[in-house]
Amino acid sequence: GNAGSRRRRGLARSRRAGREAAALFADSLDACDRKAAARAVLAKLDRDEDGQITWDEFEKTIIEDATTLDRRVYPLAGAMFSAGLSVGTVVPILPVIVHDLGMGPAEFGLAVSAFGLTKLLANVPAAGLVESKGRQPLLVGGLVLLG
């Protein structure tokens, strides 16, 4: 009766949520892997395994995952800090360098803007490389080039 009807509606919502979760992975995984990834996400969110994901289950899972720190982040954070430090130490002395080179304000603006424009133009092909080669080789390679 009523409990069976609620269960069917809950399963229908779970299936719809499964399709939505699978769509999140649409570009990076094949169809089989997307479905498996979606099932894994839904299984993790459905804490009481009743076929329904309540707001409470969703909130607890997200907060738990958001507060869990993976130890692999420390070497990556250190490498990114080093890369940022190399840029961060140059920026404050740019006006001195520009003055010593005898550049005017327009040339200074062009020099600073060139960094942003280069990054913008390089991000497009870099995204394709990340998709084909993976993140790790490109992160390591980029840090080697910076270092």
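As a convention, each chain's residues are numbered from 1 in the sequence order in which they are written. A pLDDT threshold of at least 70 governs which residues receive local features in this predicted model, and a stricter bar of 80 or more applies before side-chain atom pairs are shown or counted, although totals over entire chains, interfaces and linings include all residues. Hydrogens and waters are ignored; side-chain quantities use all the structure's heavy atoms.

For the protein chain, mean pLDDT is 80; residues scoring 70 or higher make up 78% of the total. On a scale of 0 to 100, pLDDT captures the predictor's confidence in every residue. Strands here are runs of E lasting at least two residues and helices are runs of H or I lasting at least four, both read from the DSSP assignment and numbered beginning at the N terminus. Within the protein chain, the lowest mean pLDDT, 61, falls on helix α1 (residues 2-24), and the highest, 89, falls on helix α3 (residues 55-67).

This next bit is on the pattern of salt bridges. In what follows, salt bridge is the name for a side-chain nitrogen of Lys or Arg lying within 4 Å of a carboxyl oxygen of Asp or Glu. Inspection of every chain in the model, using the stated rule, returns 4 salt bridges. Put simply, Arg47 and Glu64 hold a salt bridge, and the shortest N to O gap is 2.8 Å. In this pair, Arg47 sits in the loop between α2 (31-45) and α3 while Glu64 sits in helix α3, placing the two residues 17 residues apart along the sequence. Note that Asp70 and Arg72 form a salt bridge whose closest N and O atoms lie 2.5 Å from each other. Here Asp70 falls in the partly exposed class, since its relative accessible area comes to 36%. A relative accessible area of 65% places Arg72 in the exposed class. Residue exposure (1.4 Å probe, protein chains only): buried if accessible area is under 20% of the type maximum, exposed if over 50%, otherwise partly exposed.

Classification of ring pairs uses Phe, Tyr and Trp, with its six-membered ring standing for Trp, and accepts pairs whose centres are within 6.5 Å; under 30 degrees between planes counts as stacked, over 60 as edge-to-face, and the remaining range as tilted. Scanning all chains against the criterion turns up 1 aromatic pair. Measuring from centroid to centroid gives 5.3 Å for Trp55 and Phe58, while their planes differ by 35 degrees, and the two rings are tilted. Taken together, the residues Trp55 and Phe58, both in helix α3 and 3 residues apart, mark about one turn of the helix. According to the relative accessible area criterion, Phe58 is partly exposed, its value standing at 32%.

So, about the environment of Leu45. Within the secondary structure, Leu45 sits in helix α2. Separated by 14 residues in the primary sequence, Leu45 and Glu59 have C-alpha atoms spaced 8.9 Å apart. Contact criterion: two residues are considered in contact whenever any of their non-hydrogen atoms come within 4.5 Å of each other. For Leu45, the contacting residues outside a window of four places in its chain are Ile53, Glu57, Phe58, Thr61 and Ile62.

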